[in-house]
Amino acid sequence: MTPAAARPDAPLLQARGVGKSYPGVRALAGVDFSLRRGEVAALVGENGAGKSTLMKVLAGVVQPDDGQILLDGRALRLAGPADALRAGIALIHQELSLCDNLTVAGALFLGAELRRGPFLRRQAMRSQAREWLQRVGLAVDPDKLVAGLAPGQKQLLEIARALRARARVLIMDEPTSSLTMVETARLHEVVRELRGEGVGVVYISHRLDEVKALADRAVGLRDGRNSGELPREAITHEALVDLMVGRQLATARRQPHAPGEVALRVDGVRTLAFPGAPVRFEVRRREIVGIAGLLGSGRSELLRALVGVDERLGGAVAVAGLPLAGGGPAAAARAGLVLLPEDRKAQGLVLGMNVRENLSLPTLRRRGWLVDGAYERDLARRTIGELGIAANSIEQVVGSLSGGNQQKVVLGKWLAATPKALLLDEPTRGVDVGARAEIYARLHALAAAGLAVVFVSSDLEEVLTLADRALVMRAGAIRAELAGDRLTEREVMLAATSMEAE
Amino acid sequence: MTMHRRAVFAFAAALLLVAAVAGQDAPRKPKLAFVTNCVAEFWTVGSFGVEAAKAEFGVDAVVRMPANGTAEEQKRILEDLLAKGVDGIAVSPKDPENMTALLDKVAGRALLVTHDSDAPKSKRLCYVGMDNYDAGRLCGQLVKQALPDGGAVVLFVGNLDQDNARRRRQGVIDELLDRSRDPARFDKQDAPLKGGKYEVRATFTDQFDRQKGKAAAQDALARWSDVAAMVGLFEYEPPLLLETVKAADRLGKVKIVGFDENDATLQGIVDGHVHGTVVQNPYEYGRQSLALLAALVREKDAERRAALMPKERFVDIPARAITKANVEAFWTDLRQKTGRK
Amino acid sequence: MKKALGIGVLLLVVAAFTAWRSHDPETGRYVFLSAYNLENLLQRIGLFGVLGFAAAFVIVTGGIDLSIGAVVCVAGCVLPWLLRDRGCGGGAALVLTLLLCAGIGLWHGLLVAGLGLQPFVVTLCGLLLYRGWMRGFSDDQTMGFGDAAEGLRWLATGKLPLGESFGLPVPLLALAFIAVGTWVVWSRTVWGRHLFALGRNEEAARFAGVPTRRLTIAAYVACSLLAGFGGCLFVLDVNSAQASSFGSFYELYAIAGAVLGGVALRGGEGSVLGIVLGSALMQVLPNTIRLLFDSDRMEFAVVGGVILFGAIADQVVGRWASRRRRPA
């Protein structure tokens with residue numbers, strides 16, 4: 001694996017005829033993949049196409065049933081992620097998986113601590129940590145606890161960790177799904193710098209504009225098999241979608257319906273995060289409103305305060321004209337205001353329970369002392385049918401569903417509460433293109449049926465296509481309201497990043 | 001007292017003869033069980049009595065000891081024995097007041113006698129043991145002997161929900177306070193107990209945790225500088241008291257009186273650090289419980305069975321006071337019985 | 001650290017209250033603060049504190065060990081047996097006993113980390129297994145030293161004279177040694193860093209190349225080793241062990257001491273000072289009851305009540321403070 005032994009003509013990393021089966025599922029079948037030095041190869045495909053499995057095989061997390069992995073043209077046996085790391089292959093996870101009880105420096109050097117005998121060289125690690133953090137543009141104290149970092153900062157820390165490990169192959173799985181636009185731009189810069197230094201990057205993203213901007217080559221996977229490749233110049237939105245799903249998707253902005261009466265009125269609400277910034281807005285029935293802004297601009301906090309998950313500091317909220325006075329999410333749901341939270345796995349679902357139990361959770365009825373089983377089963381069957389949830393049965397454990405289907409379960413469980421206004425926090429985070437289009441269609445239908453829909457998204461394309469009207473937040477306050485012709489990428493960016501004159 | 005004990009023996013022996021003659025027709029040995037209230041060396045001596053009885057009276061017998069010393073555990077042991085099928089059970093009930101229903105159930109399916117601790121309200125046939133109240137008074141006499149000029153006394157006991165513990169403690173108190181004989185009396189733990197020259201300052205419980213017992217003894221010494229005597233009512237307690245008093249350098253200033261025949265207690269008496277101890281006779285508890293049960297099992301006729309029953313349904317195996325005067329002889333005899341050196 | 005502060009304040013309040021109420025008007029002395037009482041108390045804190053650290057090592061990994069009391073029982077029965085019945089020297093007996101206990105920990109670790117069994121199940125079964133085994137092993141006899149271990153008993157009952165009337169109990173020194181050692185391991189070594197990472201997010205630690213299995217096994221070994229050492233001290237202290245009851249429920253004292261001191265049951269969190277203070281509180285409260293009250297039947301109720309009160313106060317004060325910190 002030393003550079004001297006490497007064959008310069010061989011690809012940096014190569015997978016040949018890789019196959020992997022899980023009980024009942026053929027995840028990969030004879031997949032080929034290669035990566036050259038100084039190349040960014042995007043791996044695209046719908047959820048369940050085998051991207052995650054291929055990525056795990058390359059990073060040594062799972063062992064393939066057949067086929068082989070070559071690094072510098074030499075066969076490689078990876079018994080575990082530690083082996084891959086030693087060989088110079090680093091995986092940056094989709095689900096942030098740092099140990100948040102460590103300090104930044106501690107997390108950066110986890111598994112490769114600088115040591116003197118059994119003892120840690122804390123001073124040395126601290127000063128080296130500063131250099132690595134600087135390289136990814138992360139300005140935090142190395143002694144700060146990871147728990148205190150924003151999601152975007154954690155992601156950058158993970159990348160710094162891979163750099164620290166001298167990775168020659170970087171596998172990035174949805175690295176920007178929790179990043180703001182500024183952070184995304186910074187990340188892309190870092191990736192380009194790495195490419196210039198000869199590092200090979202495998203880049204997995206659902207955001208096709210990112211793939212267009214960054215990738216030297218796009219490799220498609222469908223149903224566990226190769227579905228083709230696109231060279232840099234051939235990468236277009238349509239071509240990528242073809243590669244992934246082989247069908248065209250309608251993502252054009254809908255014709256706004258005539259808005260109805262006011263469904264949600266927010267008047268002077270302040271949150272614990274930004275106690276100095278009262279927020280005021282209205283949403284009408286049949287309207288879809290997007291809330292844009294940088295990460296940490298107070299968007300999620302606002303939604304959480306509206307339904308009463310977090311405490312509201314003053315201000316009033318009215319749903320369909322009726323004031324909502326405290327009482328937490330249960331009272332809000334009764335009044336017709338529900339929130340689909342940002343972190344599906346931690347806040348939206350009980351992953352270990354099945355589809356039926358999750359769907360009925362907020363609206364569960366009792367018959368005497370017992371659960372009304374008939375209601376529960378009926379609700380589950382109806383929702384699966386209506387939302388097109390791809391589950392084997394209503395008894396399937398939610399944790400084993402794909403991201404898009406999990407999101408549908410979250411949606412279905414709140415629709416069962418017959419809401420008047422629907423709040424969604426990052427509704428398509430970690431959801432593939434196909435399922436994303438379905439969620440958009442579903443939201444369109446709900447709005448058409450008379451619901452008020454409010455969503456927070458860091459995906460600018462999503463705000464532009466889905467929303468009739470956009471609110472842009474910065475530092476806890478609404479800085480701009482954009483609709484019609486003014487709802488453009490440039491205007492949103494201007495409002496979000498305070499480049500406008502204050 | 002010894003009269004009816006002898007009578008039982010004689011009868012049992014006679015029955016044995018009859019059984020030996022008639023034995024060819026009924027070769028099955030009676031199946032008996034001896035159930036204790038906890039695990040302790042005391043009961044090891046008792047089980048040697050059971051062993052002796054097996055050969056002497058021609059019975060099969062098992063010994064069962066509840067490991068945690070709880071009433072629930074004892075209940076399970078009794079139920080399992082019934083399920084297994086035994087002819088007679090001798091039990092030292094853990095919580096006689098509340099076990100009446102259970103004991104009655106046992107008595108309905110096997111011959112039941114109590115030993116060591118009685119359950120007079122139940123349908124048990126007979127009680128084999130000593131009167132704990134009287135043993136307590138005997139212990140109180142030892143304290144008086146050790147403290148002729150009076151003083152403050154602290155009592156230590158495993159717990160107070162067990163009948164024998166309550167009666168034992170009451171006996172000590174009543175003797176020290178020169179009260180009349182009334183085994184039914186009960187002074188609460190925090191009642192002021194002072195009369196004449198003696199005062200009972202407190203009763204500490206340790207739930208059979210030796211470390212806790214030791215801590216309680218230490219705390220008593222810390223709290224009162226004028227403690228003149230400490231009394232350990234359960235077998236493992238006098239050695240803990242001895243340890244504590246020794247470590248606090250108050251040997252001689254704080255007299256120790258105990259119950260039962262722990263080696264360290266007896267050694268303390270030999271060395272002159274422990275004034276005396278009241279010993280029961282667990283060996284005889286085991287042996288005579290089984291003797292009585294064996295006799296009852298073999299007698300099918302109700303009338304003659306009733307005639308077998310001792311007076312007041314009580315086989316008295318009295319407690320003895322052991323002091324420096326008789327400790328050597330007692331210890332030698334004990335070693336012989338238990339087969340230890 | 002914040003948790004340690006809270007429990008420290010509670011401990012101080014309880015101690016001050018006890019000292020104040022234990023004033024004896026006749027002699028004019030404060031019984032609680034007498035050298036004799038403090039010596040006794042510090043010795044008990046030393047004994048139980050060792051078990052607190054045993055529990056902490058496993059809890060930090062996100063596991064639990066319910067067999068601590070049973071391992072105390074094993075040490076309490078085996079040490080006297082080696083010394084008196086097998087004629088081992090003091091040092092040899094101690095080392096052999098500790099090896100046996102470390103072996104039990106290794107067994108737990110292999111079952112948990114190697115075979116993937118639930119720590120609760122493994123150690124709950126261990127609890128029953130070892131106590132039952134010891135009952136059979138000792139034939140329900142009381143295991144004691146007699147006069148055989150006078151030298152070794154110094155470890156549990158000895159004191160280092162400190163001034164004229166006060167001696168520092170040796171078990172407290174042992175605890176101090178273990179506490180400092182644990183602090184160094186947890187905050188200054190690679191092993192400790194990995195232990196905490198593993199406790200918080202085992203998956204992430206494994207991905208980072210941390211040998212999570214070996215570490216988990218090592219944590220269980222450390223736990224049982226410390227529990228065994230504690231067991232040796234306990235039996236040397238009281239001089240006799242009865243297999244059926246020796247060390248019974250001590251795992252709860254140990255876990256309570258550790259958790260009170262801020263060791264989070266979900267793993268990856270713990271402070272050395274907190275464990276010492278938490279274990280101390282568990283010993284001061286019974287002492288308070290025996291020094292101040294005429295009856296000890298309310299002991300469990302008082303211990304439970306004071307600790308619950310402390311937890312409530314901690315939470316309420318914490319909320320109040322965080323509200324104050326946010327600008328209006």
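About the thresholds
Residues numbered from 1 in each chain as written. Chains lettered and ligands numbered in written order. Predicted model: local features only at pLDDT ≥ 70, side-chain atom pairs only at ≥ 80, totals over all residues. Heavy atoms only, no water. Contact = heavy atoms within 4.5 Å. Buried area = accessible area lost by both parts, 1.4 Å probe. Salt bridge = Lys/Arg side-chain N within 4 Å of Asp/Glu carboxyl O. Pairing = 2+ DSSP bridges. Helix = DSSP H or I, 4+ residues; strand = E, 2+ residues; numbered from the N terminus. Axes fitted to C-alpha atoms, helices over the stretch in contact; angles between N-to-C directions. Buried < 20%, exposed > 50% of the residue type's maximum accessible area, 1.4 Å probe, protein only.

With that settled, the discussion passes to the interface of chain C and chain B. Listed per partner, the contact involves 35 residues of chain C and 30 residues of chain B. Between chain C and chain B, the buried area comes to about 3100 Å², and carbon and sulfur atoms account for 40% of it. Among the residues chain C hides against chain B, the three largest losses belong to Tyr36, Arg290 and Asp294 of chain C. Together they make up 21% of the total. On the surface where chain C and chain B come into contact, there are six salt bridges.

It is worth spelling out the interface of chain A and chain C at this point. When the parts of a complex come together, some accessible area is lost, and that lost area is often taken as the interface size. Between chain A and chain C, the contact holds 26 residues from the first and 23 residues from the second. Across the chain A/chain C interface, buried area totals approximately 2200 Å², and carbon plus sulfur atoms make up 61% of it. Together, Asn101, Leu110 and Leu120 of chain A form the three largest contributors to the area buried by chain A at its contact with chain C, with a combined 21%. The tally of links from chain A across to chain C stands at one salt bridge.

A separate point is the sheet that holds strand 3 (residues 88-91) of chain B. All names here are of chain B. Taking strand neighbours across the sheet as the criterion, the six strands line up as 2-1-3-4-5-12 in an open arrangement whose pairing is parallel. Strands with a single pairing partner mark the edges of an open sheet, and in this sheet they are strand 2 (60-64) and strand 12 (314-316). Going from strand to strand, the sheet's axes swing by 20° on average, the running direction of each strand aside.

Right, let's talk about the sheet that holds strand 15 (residues 288-293) of chain A for a bit. Where strands meet in a sheet, backbone hydrogen bonds hold them as pairs that are either parallel or antiparallel. Residue and element names in this part refer to chain A. Here six strands make up an open sheet; going across it, the order is 19-22-23-15-24-25 and the pairing mixed. Single-partner strands in this sheet number two, and they are strand 19 (337-340) and strand 25 (477-483). Each strand of the sheet is rotated relative to its neighbour by a mean of 20°, with strand direction disregarded. As defined by bridge partners, strand 15 adjoins strand 23 (residues 452-456) across four bridges and the pair is classed as parallel. Counterpart to Ile288 in the pairing with strand 23 is Val453. Against the sheet, helix 14 (residues 403-415) engages strand 19 and strand 22 (421-425), with an angle of about 170° to strand 19.

Here the focus is the pattern of salt bridges. Counting across every chain of the model gives 52 salt bridges over all chains. Measuring nitrogen to oxygen at the nearest pair gives 4.0 Å for the salt bridge that ties Asp216 of chain A to Arg232 of chain A. Linking Asp216 of chain A in the loop between helix 7 (208-214) and strand 11 (217-222) with Arg232 of chain A in the loop between strand 12 (225-231) and helix 8 (237-245), this pair joins segments that are 16 residues apart in sequence. For Arg232 of chain A, a relative accessible area of 40% corresponds to the partly exposed category. Of the charged contacts in the structure, one is a salt bridge between Arg290 of chain C and Asp219 of chain B, with a shortest N-O distance of 2.7 Å. Placement of the pair is Arg290 of chain C in helix 12 (residues 272-292) and Asp219 of chain B in helix 7 (residues 210-223), with the two residues belonging to separate chains. Pair check on accessibility: Arg290 of chain C and Asp219 of chain B agree, each one buried.

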